[in-house]
Amino acid sequence: LTLLSAIANIFRPQHSPKLHKQERNMKTDHPIRSALCVAAAICAGLLVQPSPTTAQTAEQAFDGSKARVNLSNKLRMLSQQVSSASCRVNAGIDVDTASSELSEARNQFNTIMKGLENGSMALGIPSAENHHVVLKSIAAVQDAWKPIDAAAQSLLINASDKSAADVIVAQNANLLEATMILSSDVSGRYSNPQELTQADAMAMNIAGRQRMLGHQIAKDVCGIATGTQGDAMASLGSTLDMYTVSLNALRDGMADAGINPPPTDAVRKELATVSAKWNESKPVLDAIRGGMQPSAENVAAMAQVSSALMTDMDNVVTLYMLATPGQEDVYRVPLRAYAEEQLAKWLENEQLIEAIRAQNAAHSGLTQAEIDQLDLDWRAQRKTDD
């Protein structure tokens, strides 16, 4: 209900008597019935084509610059997440969690690559790539990804396949370099004053890079513990330093480097959360850097920390996207695609409809006071942080 209400608020026309009346009815209607009404309202609102005015002109000009920059940047992170997870899978460290992470990272990498090349409304990319430099970089990433993708699939079938794990270790640097070049080319290509200035693109790139650095640290810790990556110790030291410097620059700004302070309180608050988690994990990482041999528990714990930091930095990137010009299309385009491809189907799903009817029948005896209390509970839940 909270998600549906939030999406409905995004798309609700400012002066829609029909929806306003529907909203009034929801105050005394059953919550599940209300959910179906909201879903219907969303689909109706999204499927109606805007009049050929400023809104339509803006949509035609929208090129998904922020999504392209964010997703090409995310490939760097996924390259390290695949390597970190495969190390743990092959070493037998928390195999179920690591296997799930490896599978998800692999699927995300393939989905993003297809979207960057061919376009994907669900990802917020409205058209296929047509710039020869970016297409060349995409092809280079695909070439570097193929052997790693195949090896990751083999590891998911047979966790003890050492040859597959060795391929991922050997090819990881090539993949990381290719994704970094692609991210740079996309950022240069799609920076524009209407949607994404150079300064905003830089901040997004640094925030996005933090996602990658967290998984790179987890990969290095696993490499040190298993002895499978000869340069893991040196890599860990430089990555720890880079993470700290970059995080401080995002949190406080760094004028000499062209990095502005956080644009909103929401970004500032999220970066403070990241800083707290980072400072909590640093003592163990510094000890490993100083020569302590990491245990299997250290490896698994660092993987959890890196995933938590990744989630928080994902939030930071999203908040940057929403705090800069052109933010409306960041959520409008993918949500419209979601409504057209998914939400509309809910209204034709017989199992869902029957389930709603059954719930309505089961709660048909609710008094008006009980209905009002349910509504108050729902409103209170919407205001909680979680």
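Just above sits the structure.
The written sequence of each chain sets the order in which its residues are numbered from 1. Given that this is a predicted model, residues contribute local features only at a pLDDT of at least 70 and side-chain atom pairs are listed and counted only at 80 or more, while totals for whole chains, interfaces and linings are drawn from all residues. Hydrogens and water molecules were not included; the side-chain quantities draw on all heavy atoms of the structure.

Engineer: Report on the packing of helix H5 (residues 65-91) against helix H8 (residues 162-190), specifying residues and quantitative values.
Structural biologist: All axes are obtained by fitting lines to C-alpha atoms, using only the stretch in contact for helices, and the reported angles, taken between N-to-C directions, cover 0 to 180 degrees. Each helix is a run of H or I in the DSSP string that is no shorter than four residues. Each strand is a run of E no shorter than two, and both are numbered from the N terminus. At a closest axis distance of 9 Å, the pairing of H5 and H8 adopts a crossing angle of 170°. As far as their axial angle goes, H8 and H5 are roughly antiparallel. Amino acid classes used here: Ala, Val, Leu, Ile, Met, Phe, Trp, Tyr, Cys and Pro are nonpolar; Asp, Glu, Lys and Arg are charged; the rest, including Gly, are polar. Across the contact of H5 with H8, the residue classes break down as 10 nonpolar, 12 polar and three charged. Relative orientations are named as follows: roughly parallel for angles under 35 degrees, roughly antiparallel for angles over 145 degrees, roughly perpendicular for angles from 65 to 115 degrees, and oblique for any other angle.

Engineer: Tell me about the packing of aromatic side chains, and please be specific about residues and values.
Structural biologist: By convention, a stacked pair of Phe, Tyr or Trp rings (six-membered ring in the case of Trp) has centres within 6.5 Å and planes under 30 degrees apart, an edge-to-face pair has planes over 60 apart, and any other such pair is tilted. Taken as a whole and assessed by the stated rule, the structure comprises two aromatic pairs. A centroid spacing of 3.9 Å and a plane angle of 15° characterise the contact between Phe109 and Trp145, whose relative ring orientation is stacked. With Phe109 in helix H6 (residues 95-118) and Trp145 in helix H7 (residues 132-157), this residue pair connects regions lying 36 residues apart in the sequence. The same class applies to Phe109 as to Trp145, namely buried. Look at NZ for Lys and CZ for Arg. If either is within 6 Å of the ring centre and within 35 degrees of the ring normal, a charge sits over the ring. The residue whose ring lies beneath Arg189 is Tyr190, and the NZ or CZ to ring-centre distance is 5.6 Å. Only protein chains enter the accessibility calculation, which uses a 1.4 Å probe; a residue is then buried when its area is under 20% of its type maximum, exposed when over 50%, and partly exposed in between.

Engineer: Go over the pattern of salt bridges with me, naming the residues and quoting the values.
Structural biologist: Any Lys or Arg side-chain nitrogen found within 4 Å of a carboxyl oxygen on Asp or Glu counts as a salt bridge. If you walk through the whole model with that rule in mind, you get 12 salt bridges. Two residues, Arg268 and Asp265, come together in a salt bridge whose shortest N-O distance is 2.5 Å. Taken together, the positions of Arg268 and Asp265, both in helix H11 (residues 265-289) and three residues apart, correspond to about one turn of that helix. Given the relative accessible area of 60%, Asp265 is considered exposed.

Engineer: Give me unusual backbone geometry: which residues, what numbers.
Structural biologist: Of note, the phi angle at Asp94 is positive, near 45°, even though the residue is not glycine. Note on placement: Asp94 falls in the loop between H5 and H6. Residue classification places Asp94 among the partly exposed positions, given a relative accessible area of 36%.

Engineer: Lay out helix H10 (residues 232-252) with the relevant residues and their values.
Structural biologist: One fewer than the residue count of a helix, multiplied by 1.5 Å, yields its expected span. Over its 21 residues, H10 runs 30 Å from end to end, which matches the ideal 30 Å to within 8%, given 1.5 Å per residue. Regarding H10, the residues found buried are Ala232, Ser235, Leu236, Gly237, Thr239, Leu240, Tyr243, Ser246, Leu247, Ala249 and Leu250. One or two steps after H10, the chain reaches Gly253, where phi turns positive at roughly 85°.

Engineer: Run through the nonpolar core, naming residues and quoting values.
Structural biologist: With 72 residues, the main nonpolar core has Ile217 and Tyr243 as its most contacted residues. Where this core is concerned, the elements lending two or more residues are H5, H6, H7, H8, helix H9 (198-226), H10, H11 and helix H12 (296-322). Here this core gets 11 residues from one element, more than from any other, and that element is H9. Contacts of Tyr243, omitting those with residues within four sequence positions, involve Gln210, Leu213, Gly214, Ile217, Val274, Trp278, Leu309 and Met313. Grouping buried Ala, Val, Leu, Ile, Met, Phe, Trp, Tyr and Cys residues that are joined through side-chain atoms within 4.5 Å yields what is termed a nonpolar core. Only heavy atoms enter the contact rule, under which two residues are in contact if any of them lie within 4.5 Å.

Engineer: Any details on the packing of H11 against H12? Residues and values, ideally.
Structural biologist: How two helices pack is summed up by the angle between their axes together with the distance between the axes. Two elements in contact, H11 and H12, have axes whose closest approach is 9 Å; the angle formed by their N-to-C orientations is 165°. Taken as axis vectors, H11 and H12 run roughly antiparallel relative to one another. The interaxial crossing formed by H11 with H12 has left-handed handedness. In this structure, H11 contributes Ala266, Val267, Glu270, Leu271, Thr273, Val274, Lys277, Trp278, Ser281, Val284 and Leu285 to the contact, and H12 contributes Asn298, Met302, Val305, Ala308, Leu309, Asp312, Met313, Asn315, Val316, Leu319 and Tyr320. Broken down by class, the residue content of the contact of H11 with H12 amounts to 15 nonpolar, four polar and three charged. With the far helix as reference, a near helix turned anticlockwise by less than a right angle produces a left-handed crossing, and one turned clockwise produces a right-handed crossing.

Engineer: Outline the environment of Lys146, listing residues and values.
Structural biologist: Along the chain, Lys146 falls in helix H7. Assessed through its relative accessible area of 56%, Lys146 is described here as exposed. Separated by 25 residues in the primary sequence, Lys146 and Gln171 have C-alpha atoms spaced 10.0 Å apart.

Engineer: Break down the environment of Val267 for me, with residues and values.
Structural biologist: Position of Val267 among the secondary structure elements: in helix H11. Each C-alpha atom, one on Val267 and one on Leu319, is 6.0 Å from the other, the two residues being 52 residues apart in sequence. Ignoring anything within four residues of it in the chain, the contact list for Val267 reads Pro262, Val316, Leu319 and Tyr320.

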